[in-house]
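# Architecture at a glance
Chain by chain, the residues:
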Amino acid sequence: MTKQTFLHDKHIALGARMVDFAGWEMPVQYSSIIEEHKTVREAVGIFDVSHMGEIIVYGEDALPFLNKLVPQDITKLVDLKAVYCQLTNKKGGIIDDLIIYKLEENKYLIIANASRIDEDLNWMVRNKIGFDVTIVNESHNYSLLAVQGPKACDLIKSLGLTDLPEFFKIKRGELFNINLWVSRTGYTGEDGVEILVRNEFSEYLWDKLLDAGKDFGIKPIGLGARDTLRLEAALHLYGNDLDEDTTPVEAGLSWSVSKTKTADYNGKSVIEDQLKNGGRKKLVGLKMLDRGIARHGYEVYYNNEKVGIITSGGISPIRGDNIALAYIKPLDNLTVGSTIQVMIRDKFHNAEIVKKPFVAKRNKA
Amino acid sequence: MNESMLCTKTHEYVLETSKNKYEVGITDYAIEQLGDIVFIELPEVGSEFAKNEVFATIESVKAASEIYMPISGKVVEINEEIVNSPELLNDESYENKWFIKIESSADQVEFADLLDYSDYKEEVE
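Not measured: the values here are computed from a predicted model.

In this section: the sheet that holds strand β14 (residues 218–220) of chain A. Residue and element names in this part refer to chain A. Strand order in this open sheet of six strands is β11-β12-β13-β10-β4-β14, and the pairing throughout is mixed. Only two strands of the sheet have a single neighbouring strand rather than two, namely β11 (170–175) and β14. Neighbour-to-neighbour, the strand axes of this sheet turn through a mean angle of 25°, independent of strand direction. Across three bridges, the pairing between strand β12 (residues 178–183) and strand β13 (residues 192–198) is antiparallel. Counted as the bridge partner of Ser183 is Glu194 from β13. Its contacts with the sheet place helix α6 (residues 199–212) against β4 (44–48), β10 (142–148), β11, β12, β13 and β14, and it is angled at close to 145° to β13.

Set out below in structure tokens:
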């Protein structure tokens, strides 16, 4: 039985095409993916991402417990600040990628991928022996609305929330007399906020934001554009670009891993070794040179030898070309500027390794 | 859409333009379902295909789809315009949405499983 968010009827009324995503019936597009994509890059879009998981971890040992689970240094996290993390297994493989917020002393909020909530909870419970912590899955109580784009913050400010949190911070606030959490985060590469609100208020808030956003050019945005937006920003999608056999170093996430953390964490020996010596593969950005679209699972070749696989690929509505993310063997001669081949329908198509992101991020204003 | 076209359950259509000459494309329903069309690959003029053989690939933002021959035939012309500007397929004012023109000597057996446009519409809606 597929689950529906509390905004399901709103999506239907807006003419959305619904698809199954991670067990949820979600809007993939309302009008056109390309138009919705451009709306977020040029004005502001609103997304229902209520399928995502919310997990609260609290208790005396909440900090050392979380610090055991991720390669990031949670001791550095101050109140109302967020950090992008990976939940790693003993081999350094990624069980999920998360945002962890410190709400207050001994209390943390975790935003998890919808497809991974069960695995995350199982893994946390398996790791909690000896820690005085309580893990509560709050996913069924909360809706999450993302408001993203260059005009997103102007819109929210116009509604009375004038002192928005800074990038990767969260705060309590009130919109239309509804208590909510506002966080300066997103999955588009644009500035904007994500709003966590109890389910019973989500429909009202959605309508109010769409109405107030008219003057700012707001549109509802489906998962289709969410995917093209995050690809341009080279943000990872769990299940495509990240999995349990891929480490943060291999995924190009070394920047997020603490190099000074003294506490042990799952996968530390593998990750520390890879930080020094490199991983078994590396994630690169590709720009198609020949006509053709690289898709998840297509093979990558160099000198007629298979050297990798596409994990995400598609069109870039902003650049007007075709882009992709691929894992390739860490060969010295495969660097930015190298030409490789993607096998599309049994034919080689040239592609160039390029720097990521594909479109500059504008979220750290 | 021309009411005299015949459709497959996989959303291709074939329309007889003169004796043994046909145009082949995909239905308006298929285009609507695909959403933004961003890539089309058509065969070379002169290539021959059997009924149900893949002759083209069409890609929306989300995914690639293969397009099958509704009847057997030899390609005599391809629609270069939609190859160069696939987004024309999403443009309601654009009328030349055919993919290829073929010559065919297909017999009644090949037409047996094709649907009238009205029956097709009933089937998909």
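All names here are of chain B. Pairing within the open sheet is antiparallel, and its three strands lie in the order β4-β6-β7. The open sheet has two edge strands with one neighbour each: β4 (37–41) and β7 (64–68). Direction aside, the axes of adjacent strands within the sheet are offset by 25° on average.

All names here are of chain B. With respect to the secondary-structure elements, Gly46 resides in the loop between β4 and β5 (48–49). In sequence terms Gly46 and Leu15 are 31 residues apart; their C-alpha atoms lie 19 Å from each other. Not counting residues within four places of it along the chain, the set of residues in contact with Gly46 comprises Lys74 and Val75.

What follows concerns the confidence of the model for chain B. Mean pLDDT for chain B: 95, with 99% of residues reaching 70 or above. Reported confidences for the modelled complex are a pTM of 0.95 and an ipTM of 0.88.

Turning to unusual backbone geometry, a few remarks are in order. All names here are of chain A. With omega at -5°, the peptide bond leading from Lys356 into Pro357 counts as cis. By secondary structure assignment, the location of Pro357 is in the segment after β20 (347–354). At Ala234, a position not held by glycine, the phi torsion is positive, near 55°. A positive phi angle, near 65°, is found at Asn304, a position not held by glycine. Looking at the element boundaries, Asn304 is found in the loop between β16 (299–302) and β17 (305–316).

Grouped together as the largest cluster of nonpolar side chains are 42 residues, with contacts concentrated most on Phe47(A), Tyr101(A), Leu109(A), Leu242(A), Phe358(A) and Val38(B). Of all the elements, strand β7 (residues 94–104) of chain A adds the most residues to this core, at four residues. In contact with Val38(B), not counting residues within four places along its chain, are Ile34(A), Ile293(A), Ile315(A), Glu59(B), Ser60(B), Val61(B) and Pro86(B). In terms of nonpolar packing, the next biggest core, distinct from the first, is built from 30 residues, Val14(B), Tyr22(B), Phe55(B) and Ala56(B) among them.

Quick look at the pattern of salt bridges now. Opposite charge on two side chains permits pairing when their charged atoms draw close. Considering all chains together, one arrives at 30 salt bridges over all chains under this definition. Among the charged side chains, a network of salt bridges with common partners joins Arg41(A), Glu190(A), Glu232(A) and Arg362(A).

Turning our attention to the packing of aromatic side chains. According to the stated counting rule, one finds eight aromatic pairs over all chains in the structure shown. With centroids separated by 5.1 Å and ring planes inclined at 55°, the aromatic side chains of Phe167(A) and Phe168(A) adopt a geometry described as tilted. Judged by relative accessible area, Phe167(A) falls into the partly exposed class, the value being 27%. Exposure remark for Phe168(A): the relative accessible area of 16% places this residue in the buried category. Every member of this aromatic cluster is reached through a ring pair, and the members are Tyr29(B), Tyr117(B) and Tyr120(B). Over the aromatic face of Tyr142(A) sits the side chain of Arg198(A), whose NZ or CZ is 5.4 Å from the ring centroid. The ring of Tyr327(A) carries the charged tip of Lys281(A) above its face, separated from the ring centre by 4.5 Å.

We now examine the interface of chain A and chain B. Across the contact, 16 residues belong to chain A and 17 residues belong to chain B. Each partner contributes to the roughly 1400 Å² buried at the junction of chain A and chain B, and carbon and sulfur atoms together form 46% of this total. At the junction of chain A with chain B, the criterion picks out three salt bridges. Between Arg295(A) and Glu59(B) there is a salt bridge, and its shortest N-O distance comes to 2.7 Å. Scanning the region where chain A abuts chain B turns up 14 residue pairs in polar contact (both at pLDDT 80 or more). Ranked by residue count, the leading element in the side of chain A that touches chain B is helix α7 (residues 223–232) of chain A, at three residues. The residue inventory of the side of chain A that touches chain B, partitioned by class, reads six nonpolar, five polar and five charged.

What follows covers the packing of helix α2 (residues 33–42) of chain A against α7(A). Residues and elements named next belong to chain A. Relative orientation of the contacting elements α2 and α7 amounts to 55°, with a least axis distance of 8 Å. It follows that α2 is oblique to α7 by the angle criterion. For the crossing formed where α2 meets α7, the hand is right-handed. On α7, the residues that touch Ile33, Glu36, His37, Val40 and Arg41 of α2 are Gly224, Ala225, Thr228, Leu229 and Glu232. Looking at the contact of α2 with α7, its residues break down into four nonpolar, three polar and three charged.

Analysis parameters
- Residue positions within a chain follow its written sequence, with the count starting from 1.
- Just so you know, chain letters begin at A and ligand numbers begin at 1, following the order they were written in.
- Predicted model: local features are reported for residues with pLDDT of at least 70 only, side-chain atom pairs are reported and counted for 80 or more only, and whole-chain, interface and lining totals are derived from all residues.
- Hydrogens and waters are ignored; side-chain quantities use all the structure's heavy atoms.
- DSSP-based pairing: two strands are paired if at least 2 bridges between them are found.
- Helix and strand assignments follow DSSP, with helices taken as H or I runs no shorter than four residues and strands as E runs no shorter than two, numbered in order from the N terminus.
- Fitted lines through C-alpha atoms give the axes, limited to the stretch in contact for helices. The angle between two N-to-C directions lies from 0 to 180 degrees.
- The contact definition used throughout considers only heavy atoms, calling two residues in contact when any of these lie within 4.5 Å.
- Per-residue confidence from the predictor is reported as pLDDT, a score between 0 and 100.
- To define a nonpolar core, start from buried Ala, Val, Leu, Ile, Met, Phe, Trp, Tyr and Cys residues and group those joined through side-chain atoms within 4.5 Å.
- Only protein chains enter the accessibility calculation, which uses a 1.4 Å probe; a residue whose area is less than 20% of its type maximum is buried, one above 50% is exposed, and one in between is partly exposed.
- In the sections that follow, a salt bridge refers to a side-chain nitrogen of Lys or Arg positioned within 4 Å of a carboxyl oxygen of Asp or Glu.
- In summary, the pairing rule links any two rings of Phe, Tyr or Trp, Trp by its six-membered ring, whose centres are within 6.5 Å, and it sorts them by plane angle into stacked for under 30 degrees, edge-to-face for over 60 and tilted for everything else.
- Each ring is checked for a lysine NZ or an arginine CZ that lies within 6 Å of its centre and within 35 degrees of its normal; such an atom marks a charge sitting over the ring.
- Here the buried area means the combined drop in accessible surface, using a 1.4 Å probe, for two parts upon being joined, counting both sides.
- Any pair of N or O atoms that falls within 3.5 Å is considered a polar contact. Within protein, one atom must be able to donate a hydrogen and the other to accept it, and sequence-neighbouring residues count only if both atoms are side-chain atoms.
- Each residue is assigned to one of three groups, with Ala, Val, Leu, Ile, Met, Phe, Trp, Tyr, Cys and Pro labelled nonpolar, Asp, Glu, Lys and Arg labelled charged, and all others, Gly among them, labelled polar.
- In what follows, roughly perpendicular refers to angles from 65 to 115 degrees, roughly parallel to angles under 35, roughly antiparallel to angles over 145, and oblique to any angle outside these ranges.
- Take the far helix as your reference; a near helix turned counterclockwise from it by less than a right angle gives a left-handed crossing, and one turned clockwise gives a right-handed crossing.

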